[in-house]
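Spelled out from the first residue to the last, the chains are:
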Amino acid sequence: MNKSGPYNLSAHTVSGIPGDAMKRVIQFQSALLELSKMSFEDFDSSLAKILETDALSMGVGRVSLWQYDDTRSGIVCSDLYILSEHKHDRGRRLDAKDYPIYFHSLENELTIAANDAQVDSRTREFTESYLKPLGIVSMLDVPVRLRGKTVGILCHEHCGKEREWTDDEKSFSSSLSEIVSLCLESRERRKAEEALEHSYSLLRATLDSTTDGILVVDRAEKITGLNKTFFKMWRIPDEVIQSKDDSRAIVFVLDQLKDPESFKKKIRKLYDRPEEESYDMLQFKDGRIFERYSQPQRLGDRIVGRVWSFRDVTERKTIEDALIKKSQELAQYNAELEEYAYVASHDLQEPLRSVASYLDLLKKKYDGNLDDEARRYISRAVNGAARMKALINDLLEYSRADKAPAEVTPVNSAEALKIALENLKAAIEESGAVIKWENLPTVRYAGPDLVTIFQNLLTNAVKFRSKETPVVMVDARKENGELIFSVMDDGIGIEPQYQERIFQA
C-alpha cells in the first residue's frame, strides 16, 4: 500500500478489476455523488440534469424517462435527452395495445437489457416503427418505482454498433432510477404541500371574511387560531395575541365587560368540561352586545381544543328593544282607546234613548194626523235611531276587555235589505236606479249589522251605476259551505290597485 498519497489507477488491474472498468466504476460513483447533492426543487431541471449525467456517464446517445398514464394503458415521454444534439424532447406516447410483449416484460422483469434490441423478443415490436428509423441497436430499460409501484421507465437507447450491457452499467442505471424516484416523490410532496397551502389560504380567507369573530384554543389553553374579525371585535393588543396565552387575553378583556366574573366562570366551566356546548350573551360597558357560541374542536373522535364564536348583535338588539318599546306603547294606546270607546258609548246612549223616546211618542200621539209621507219620514228616523243604537252597542262590545263572542241569531236578509232600501229611498229615487233582488234567505249570523252592510254597498252601487243600465242586482248563493251576498251594478267598478283598500277602515 502506498502510504504517501492516494491510489494511482492505471490502465491495468487493481484487485483483479481491469483498469478501464475501474475508471468506469469511479465515474459512475462520482456521477451518483454529484446527483445526490441536488435539492429537487424544480422537477424539470432536476430530471434534465439526471438524464444528461446518465447519457454522459453511460456513453449512450439517447436517455429518456417514460411515465405511465392514469389508466396504465400507455406510457408518455416526460423527457428525452439526445446527447449528440444536446437537446431535450418530450410528449411521445406508446400504447400498451400496440406493444403488448414489451409492456408485459416491463411488468414482470426487473431490467430489460436488450443487446440486440431489433431481434430481442421483448423489444422487437419497436423495430420497424421506432428502432430502425432512429438507428437504435441496443436498449437498457430500468423500471422506476414509487412506493412499491412501477410508475415509469428509465430508458437507454444506444445507436451504432451492438452493445453488451455490463453489470456495472445495469447497477448504475438502477441507482439512477432510484434518484428519479426521489425526484418524482419530491414533486408529489410539493404538489401536496401546495394543495395544503391553497386549502389553508382558502380557509384563512373564508374565516377572515366572516362577520363572526373566531377564536380557537387547544386543551392546554393556548391560542391556536383566530380571524381578523375577532381581533377587531375584542381590540386585544397584538403582543397579547402573539403570546398565544389565552389567560392573558382573558385578563385584558375583563375590563370591557359589565359582568366580568360571570364571563370568567363560564370560560372556566367549559374548559373543565371540554365536551359541552354553550351559548350566551355578553354586555359591554360601552353598550355593545355580543352573542357567544362555544363548542369542542374535534380531531376524529378526540377533543383537541375549543372553538369560540362571537357575533356583534348590538344593532339587532337595539332594533328589537325599540320594537318591544313601540309594542308596549301601542298596547297602552289601544287600552286608552278602548277606555275612550267605553266612555263615549255610554255617553252616547243617554241622548240616543231620548231621541228614540221622542220619536216613539211623536208616532203614537200624532200618527192619525200625519200624511203617508210624514209617516215614512218618522219611520226612517226610528229605524236610523235603532241602527245607531246597534252601532253603539258594537262599540261598547269592542271596548270591553272581557269581550264574549257575538251571539249567533237568525237574520232575515230580505227584511234587512228592505230596511236599507227604505233608508236610501230618496237617494235611489233621485238617481233613477232600479233595485232588484232574489234568493235572500234567513240566515244564522253573528257579525256587523246586515242593514248597514247592505246600505253601504247599495250607496256605492247607486252612485256609480251605469246610466244605460240602471238595474242594481242583490242576490245570495251558496259556495263551499258559505253564503255569499252580492250587490252588482254595471258601472265603472273599482280599479285593481284600489281593491285592496275595500276592507280598510
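Only a predicted model underlies this, so the values are computations on that prediction, with no experimental measurement involved. (Residues numbered from 1 in each chain as written. Predicted model: local features only at pLDDT ≥ 70, side-chain atom pairs only at ≥ 80, totals over all residues. Heavy atoms only, no water.)

### Focus on the packing of helix α8 (residues 246-254) against helix α9 (residues 260-272)
Argument step 1. Orientation of α8 relative to α9, taken along the N-to-C sense of each, is 160 degrees, at an axis distance of 10 Å. With respect to each other, α8 and α9 are oriented roughly antiparallel. Handedness of the α8/α9 crossing: right-handed. In contact with D246, I250, V253 and L254 of α8, α9 contributes P260, F263, K264, I267 and Y271.
Argument step 2. Within the contact of α8 with α9, the residues separate by chemical class into seven nonpolar, no polar and two charged. (Axes fitted to C-alpha atoms, helices over the stretch in contact; angles between N-to-C directions. Helix = DSSP H or I, 4+ residues; strand = E, 2+ residues; numbered from the N terminus. Parallel < 35°, antiparallel > 145°, perpendicular 65-115°, else oblique. Left-handed = near helix turned anticlockwise from the far one by under 90°. Contact = heavy atoms within 4.5 Å. Nonpolar A, V, L, I, M, F, W, Y, C, P; charged D, E, K, R; others polar.)

### Comments concerning empty space enclosed by the protein
Argument step 1. Scanning the entire structure with this criterion turns up two cavities of 30 Å³ or more.
Argument step 2. Empty space within the largest cavity amounts to approximately 140 Å³.
Argument step 3. Lining the largest cavity we find 14 residues, and of these L215, D246, I250, F263 and F310 sit closest to its centre.
Argument step 4. Listed by contribution, the elements that provide at least two residues to the lining of the largest cavity are α6 (228-234), α8, α9 and β14 (302-312).
Argument step 5. No other element matches the four residues that α8 contributes to the lining of the largest cavity.
Argument step 6. Tallied by class, residues from the lining of the largest cavity come to 12 nonpolar, no polar and two charged. (1 Å grid on protein atoms, 1.4 Å probe; cavity = no way out; pocket = protein on both sides within 12 Å on 5 of 7 lines; lining within 4 Å. Points joined across faces, edges and corners; volume = space filled by probe spheres on them.)

### Structural notes on the sheet that holds strand β16 (residues 434-438)
Argument step 1. Across the sheet, three strands lie side by side as β16-β18-β19; this open sheet has mixed pairing. Every other strand in the sheet has two partners, leaving β16 and β19 (482-488) as the edge strands with one partner each. Shown here is a sheet whose adjacent strand axes are inclined to one another by a mean of 15 degrees, direction ignored.
Argument step 2. Bridging between β16 and strand β18 (residues 471-479) involves five bridges; their strand directions are parallel. (Pairing = 2+ DSSP bridges.)

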